[in-house]
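Understanding the architecture of this molecule
This is what each chain is made of:
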Amino acid sequence: MVRKRLALARVSPILLQQFRGDDMSFAQLSAFTVSDDHERQVTVWNSLPSWNRDPHSIRRALTEEMIPATDKRVQFIGGLEAYEEAGGQVQRELFDERNAGYAMDVALIEKLVAEKLETAAATVRAEGWKWVECSATAPAGYHAMKRHYPEALPLSEEDQAALDAAQAEYDELAELIESGMADDEAEAKLSDVEKRIDTLNARSEAYSAEALEQAGTFVFLDYYGRLAIERGFVKPGEVEAAGDENEDGEGSPSASGAAKPKAPSISHSAALIEDLTAHKTAALRIELANNPDVALVASRDAAQRGLPVQFGAERIAVVVDARTLGAVDEERRKLQEPFRLQ
């Protein structure tokens, strides 16, 4: 209580006068205690519109240059405790118990994040990748890059036996925890068993020497602030492996050094082609019936080619092919041009 009263006393006298004059609520006044900068406090109060001066908006405006304890970067380095141990200054809000505080030194946070990422990257570099890049955010567009995947390897009899035993132990501990019969150390044991399983599973696959020579790895923070290591990506423009080409030679480099793209092919089922043809024929019949002049030209063109022409009592139906369609379109343009001019 004393600390809260002292924090209120550090609010700008101008804002305290607003509170005494009933122009500001106690909740609004309390929100200003997140900052000790009087000039900043007054600037925020005057810049916010009267309809948007709620405590949350005030806090957000005052802390836009701070990093909250809930930020994924703070969580990644070990929380505000690790940040304070590195010499960082923390601003805590006494009137908002849900927030543990704010980191004031953004540069220090970035430095600590970069150091921890670099430590993880050093282990990845030892695997022999062509390159390893670190980033506090996911690289833009990396999912669209060409990628190599690990190849399956058979486990030795010893490793397979250890994996089976670890999996059985994991299932047993998980069942005890789910039934509520586990002791206090069950969670820690389960975590250790899970790490053993991951280590053994990692031995069941490996990247080829060709992939290590051509590809690299991204080390970054994911959306939830967890360490993410994505391996096997090939940067655009880099030479790809000859093994990626087809055995029949498709995709091989041309004389100019560029790979010839394979022409795309589209294939449909016979039922779909038949259905589409029926719709096309019906549309042509309706169009020609509504345009007698064009239909006569089409029938004349079809007759010259020896195609069958059918005349009905009320409508004209013409069996046409691609060449006849071209003649119909040309004649339609000729007939419509005078009307456009008029």
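Below is a summary of the structure that appears in this document. (Residues numbered from 1 in each chain as written. Predicted model: local features only at pLDDT ≥ 70, side-chain atom pairs only at ≥ 80, totals over all residues. Heavy atoms only, no water.)

1. Focus on the overall build of the protein chain
Of the regular secondary structure elements, the protein chain holds 14 helices and eleven strands. Burial analysis of the protein chain (342 residues in total) assigns 30% to the buried set. Within the protein chain, contacts between residues at least 6 apart in sequence are counted, and of these 61% link residues at least 24 apart. Taken as a whole, the protein chain presents about 22500 Å² of accessible surface, with 52% of it coming from carbon and sulfur. (Helix = DSSP H or I, 4+ residues; strand = E, 2+ residues; numbered from the N terminus. Buried < 20%, exposed > 50% of the residue type's maximum accessible area, 1.4 Å probe, protein only. Contact = heavy atoms within 4.5 Å. Areas by Shrake-Rupley, 256 points an atom, 1.4 Å probe, with all protein chains shown as cover.)

2. A short note on the nonpolar core
I77, L80, Y83, I109, V113 and V219 are the most contacted members of the largest nonpolar core, which totals 23 residues. Listing elements by their share of this core, those giving two or more residues are helix 6 (72–77), helix 7 (80–85), helix 8 (106–125) and strand 8 (216–221). Element by element, the count of residues in this core is highest for helix 8, at eight residues. With near-sequence residues (within four places) excluded, V219 lies in contact with L117, A120, A121, V124, V132, E133, C134, S135, L227, A228 and I229. Within the second largest apolar cluster, 18 residues are counted, among which are V42, V44, L48 and M66. (Core = buried A, V, L, I, M, F, W, Y, C linked by side-chain atoms within 4.5 Å.)

3. A short note on the side chain of Q41
By the secondary structure assignment, Q41 is in helix 4 (residues 38–47). Those residues in contact with Q41 that lie beyond four places of it in its chain are R10, V11, S12, L15, F32, S35, D36 and L62.

4. Focus: the sheet that holds strand 1 (residues 67–68)
Taken in spatial order, the three strands line up as 1-3-2 in an open sheet, and their pairing is antiparallel. Strands with a single pairing partner mark the edges of an open sheet, and in this sheet they are strand 1 and strand 2 (90–91). Alignment of strand 2 against strand 3 (residues 102–103), held across two bridges, turns out to be antiparallel. Each residue of the ladder has a partner; that of Q91, found in strand 3, is Y102. (Pairing = 2+ DSSP bridges.)

5. Overview of unusual backbone geometry
With glycine set apart, most residues show a phi of negative sign, and most peptide bonds adopt trans. Phi at D22 is positive, roughly 60°, even though this residue is not glycine. Position of D22 among the secondary structure elements: in the loop between helix 2 (13–20) and helix 3 (26–31). Classification of D22 by relative accessible area gives exposed; the value is 70%.

6. Let's talk about the environment of V132
When you line up the elements, V132 lands in strand 4 (residues 131–135). Through-space distance from the C-alpha of V132 to that of T217 is 4.8 Å; in sequence the pair is 85 residues apart. When residues no more than four places from it in sequence are discounted, the contact partners of V132 are A121, V124, R125, T217 and V219.

7. Some points on the sheet that holds strand 5 (residues 146–147)
Strand pairing in a sheet relies on backbone hydrogen bonds, with the paired strands running either antiparallel or parallel. One open sheet accounts for four strands, arranged 4-8-9-5; its pairing is mixed. Where the open sheet ends on each side, the last strands, each with one partner, are strand 4 and strand 5. Sheet topology places strand 8 next to strand 9 (residues 227–234); six bridges connect them, and they run antiparallel. By the bridge assignment, F218 is partnered in strand 9 with E230. Along the sheet, helix 8 contacts strand 4, strand 8 and strand 9; its crossing angle with strand 8, the most-contacted strand, is approximately 150°. (Axes fitted to C-alpha atoms, helices over the stretch in contact; angles between N-to-C directions.)

8. Some details on the packing of aromatic side chains
Applying the stated criterion to the full structure yields nine aromatic pairs. When the centroid spacing of 6.3 Å and the interplanar angle of 55° are considered together, the rings of F19 and F26 count as tilted. For F26, a relative accessible area of 40% translates into the label partly exposed. For the pair W129 and Y207, a centre-to-centre distance of 4.8 Å together with 70° between the ring planes defines the contact as edge-to-face. On the criterion of sequence distance, the pair formed by W129 in the loop between helix 8 and strand 4 and Y207 in the loop between strand 7 (205–206) and helix 11 (209–214) is long-range, its members being 78 residues apart. Under the relative-accessibility criterion, W129 is labelled buried at 8%. Three or more aromatic residues joined by ring pairs make a cluster, and in this case those are W131, Y142, F218, F220 and F233. Positioned above the aromatic ring of F76 is the side chain of K116, whose terminal nitrogen or guanidinium carbon lies 4.8 Å from the ring centre. The ring of W131 has K235 lying over it, and the distance from NZ or CZ to the ring centre is 4.4 Å. (Phe/Tyr/Trp six-rings, centres within 6.5 Å; stacked < 30°, edge-to-face > 60°. Lys NZ or Arg CZ within 6 Å of the ring centre and 35° of its normal.)

9. Quick word on the packing of helix 4 against helix 5 (residues 55–62)
Following both chains from N to C, one finds helix 4 and helix 5 inclined at 130°, their axes separated by 10 Å at the closest point. Judged on the interaxial angle alone, helix 5 and helix 4 are oblique. Here helix 4 runs over helix 5; the crossing is right-handed. Between helix 4, through R40, Q41, V44 and W45, and helix 5, the contact on the second element is made entirely by I58, A61 and L62. (Parallel < 35°, antiparallel > 145°, perpendicular 65-115°, else oblique. Left-handed = near helix turned anticlockwise from the far one by under 90°.)

Bear in mind that shape data such as this cannot, by itself, settle questions of function.
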